[in-house]
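Chains, contacts and geometry: an overview
Now for the letters of each chain:
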Amino acid sequence: MTVRAAVDFERLYQRLAAAEQALAESVEASDERREAVLLARAEALAKARTEAEQISLTVMAFTLGGGRYGVPFAHLDQIVECTQLCPLQGAPRAVLGAQAVRAGIVPVLDLRVVLGLAGGPLSDLRFVLVVASGQERFGLAVEQTDGALGFQARQLRPPPGAPFSALTLDGLLVLDVDRLVVPP
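Quantities reported herein were computed from a predicted structural model and do not represent experimental measurements.

Scanning the chain from terminus to terminus reveals 3 helices and 11 strands. Helices (α) and strands (β) of the chain occur, in sequence order from the N terminus, as α-β-β-β-β-β-α-β-β-β-β-β-β-α. Here the analysis covers contacts within the chain between residues at least 6 apart in sequence; of these, 52% occur between residues at least 24 apart. Summed over all atoms, the accessible surface of the chain reaches about 12200 Å², with 55% contributed by carbon and sulfur.

What follows is the structure, encoded as structure tokens:
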């Protein structure tokens, strides 16, 4: 017959109390840690929002016919080299042709014609900015891209007219891509 040792309940209760106290302390520390993490997240979000409010418009700047223009990033899909442009028979003069891009085949507009600028040779048009307006996707042939520029609301003025949405203090005209789309 096996003799069992007597259970020391008093010692068992002491160990349970110590475990319960350690658990309570870790929960308190966890609550403090959670509060610290939430506070840090709230501060980071507030900072990001403040920074975002400072920049109210980001555009891809480009040059065309001696002028500086921009396309809002909200409409910009991609930038590709203006290569292998296929002419479209019977297309309006403003349509240079079509080009295969990541999104498929898009018509490419000669902004010089659309904006009434003096046109140079096609070889001057080195890039195509593929833009979207609703379901419509098309390209804008430009001479040179100048990179992304951010503008604060106080740096924007009303445009001189269509098809522009803003004029920056340094003379960059922001295209209103939606106005370039002809309704069906």
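From this point, the narrative continues.
Right, let's get into the nonpolar core. Ranked by internal contacts, the top residues of the largest apolar core, which has 30 residues, are Phe62, Val71, Leu111, Leu129, Leu140 and Leu175. At 5 residues, the largest contribution of residues to this core is made by strand S6 (residues 127–133). Ignoring anything within four residues of it in the chain, the contact list for leucine 111 reads Phe62, Leu64, Leu140, Ala141, Val142, Leu175 and Leu180. In terms of nonpolar packing, the next biggest core, distinct from the first, is built from 8 residues, Leu57, Ala61, Leu156 and Ala166 among them.

Taken together, 5 strands build an open sheet; the order of strands is S3-S6-S7-S5-S4 and the sheet is mixed. This sheet does not close on itself; its edge strands, each paired only once, are strand S3 (76–81) and strand S4 (95–101). Neighbour-to-neighbour, the strand axes of this sheet turn through a mean angle of 30°, independent of strand direction. Relative to S6, S3 runs antiparallel, the two sharing 5 bridges. In the sheet register, leucine 76 faces S6, and the bridge partner there is valine 131.

Let us look at the pattern of salt bridges. For the coordinates displayed, the defined rule picks out 5 salt bridges. Close ionic contact of aspartate 170 with arginine 68 constitutes a salt bridge, the shortest N to O distance being 3.4 Å. Taken together, the residues aspartate 170 in the loop between strand S10 (164–168) and strand S11 (173–175) and arginine 68 in strand S2 (residues 67–72) connect sequence positions 102 residues apart. The closest approach of N and O atoms between aspartate 77 and arginine 102, which form a salt bridge, is 3.9 Å. Linking aspartate 77 in strand S3 with arginine 102 in the loop between S4 and strand S5 (104–110), this pair joins segments that are 25 residues apart in sequence. According to the relative accessible area criterion, aspartate 77 is partly exposed, its value standing at 26%.

What counts as what
- Residues numbered from 1 in each chain as written.
- Predicted model: local features only at pLDDT ≥ 70, side-chain atom pairs only at ≥ 80, totals over all residues.
- Heavy atoms only, no water.
- Helix = DSSP H or I, 4+ residues; strand = E, 2+ residues; numbered from the N terminus.
- Contact = heavy atoms within 4.5 Å.
- Areas by Shrake-Rupley, 256 points an atom, 1.4 Å probe, with all protein chains shown as cover.
- Core = buried A, V, L, I, M, F, W, Y, C linked by side-chain atoms within 4.5 Å.
- Buried < 20%, exposed > 50% of the residue type's maximum accessible area, 1.4 Å probe, protein only.
- Pairing = 2+ DSSP bridges.
- Axes fitted to C-alpha atoms, helices over the stretch in contact; angles between N-to-C directions.
- Salt bridge = Lys/Arg side-chain N within 4 Å of Asp/Glu carboxyl O.

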